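Chain residues, written in single-letter form:
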Amino acid sequence: MEKKEFVTKWRKMLKLQARLDERIVKGNGLTYQDIMDRRGYFSAILDELGELNHELKKNWCWWKKTQAPVDEKKVLEEFVDVLHFVLSWQLAHHEVKGTPLSVFINRAFTEYDTELLVREDRRIVSGFQPMMHYLGVSDTYPPVGQLMYLMQNLGLDFEDVYQEYLAKNKVNHQRQDRGY
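Criteria and cut-off values
Starting afresh in each chain, residues are numbered from 1 along the sequence in its written order. This being a predicted model, a pLDDT of at least 70 is required before a residue's local features are given, and a value of 80 or more before pairs of side-chain atoms are given or counted; all residues contribute to the totals for chains, interfaces and linings. Here the side-chain values reflect all heavy atoms present in the structure, with hydrogen atoms and water set aside. Under the DSSP-based scheme used, a helix requires at least four consecutive residues in state H or I and a strand at least two consecutive residues in state E, with every element numbered from the N terminus. We compute the radius of gyration from the C-alpha atoms alone; for a globule the expected value is 2.2 Å times N to the 0.38, where N is the number of residues. Think of it in three bands: residues with accessible area under 20% of the maximum for their type are buried, residues over 50% are exposed, and the middle band is partly exposed, with areas taken using a 1.4 Å probe on protein chains only. Per-residue and other accessible areas follow the Shrake-Rupley method at a 1.4 Å probe size, with only the shown protein chains counted as cover for residues. As used in this record, nonpolar core signifies buried Ala, Val, Leu, Ile, Met, Phe, Trp, Tyr and Cys residues forming a set joined through side-chain atoms within 4.5 Å. Contact definition: two residues touch when any of their heavy atoms are within 4.5 Å.

**Student:** Tell me about the overall build of the protein, residues and numbers included.
**Tutor:** Scanning the protein from terminus to terminus reveals eight helices and zero strands. Taking 16 Å as the expected radius of gyration for a compact globule of 180 residues, we find that the protein reaches 16 Å, a close match to that expectation. Based on the C-alpha atoms only, the size of the protein along its principal axes is roughly 45 × 35 × 30 Å. Out of the 180 residues in the protein, the part that is buried amounts to 47%. Carbon and sulfur atoms provide 51% of the accessible area of the protein, an area that totals close to 9,900 Å².

Have a look at this one:
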């Protein structure tokens, strides 16, 4: 995918996330600063990474012979849940710290555009390690590059991620309509 198309899609996701955040963040009487102060993005991403890791359990759970096979659709869904919080963190950083959104978009594209040679047997550890390390040392800046690195290690296609984001964003709005 060319940079122009990538940037257009990333900006679209940010725009959709801003609308969702308007409902969730401000609708709950919070501000982006409140969430950042509580390390909320860090905690939410960590929680979603746990769910993503659980979906990949067949790849690393050596002690359970009856472990269900990896469901690639669920892996994509859980990855997109992580993406929602990374996008929201970018918006928060932009509003609170004044960081231009283009900084995050360029970082995402740079990592996306970097070709990785991923060995299948290392895909899980290789993908999660940079994200976990980053979250362990910094909870002040959205892990955009690490997210894209994880996407590549999981073998996910950005177009699939984008389409799943669009679908999940609608679901999240429907949840808000129901008082989620």
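**Student:** Which residues make up the nonpolar core, and what values do they have?
**Tutor:** Nonpolar side chains in soluble globular proteins tend to end up buried together. Judged by nonpolar contacts, the single largest core of 49 residues is most densely connected at Trp10, Leu49, Leu52 and Phe79. Broken down by secondary-structure element, the contributors of at least two residues to this core are helix 1 (3-24), helix 2 (32-37), helix 3 (40-55), helix 4 (72-97), helix 5 (101-112), helix 6 (123-137), helix 7 (144-153) and helix 8 (158-177). Element by element, the count of residues in this core is highest for helix 4, at 11 residues. If we ignore the near neighbours within four places in the chain, the residues touching Leu52 are Val75, Glu78, Phe79, Phe128, Leu150 and Leu154.

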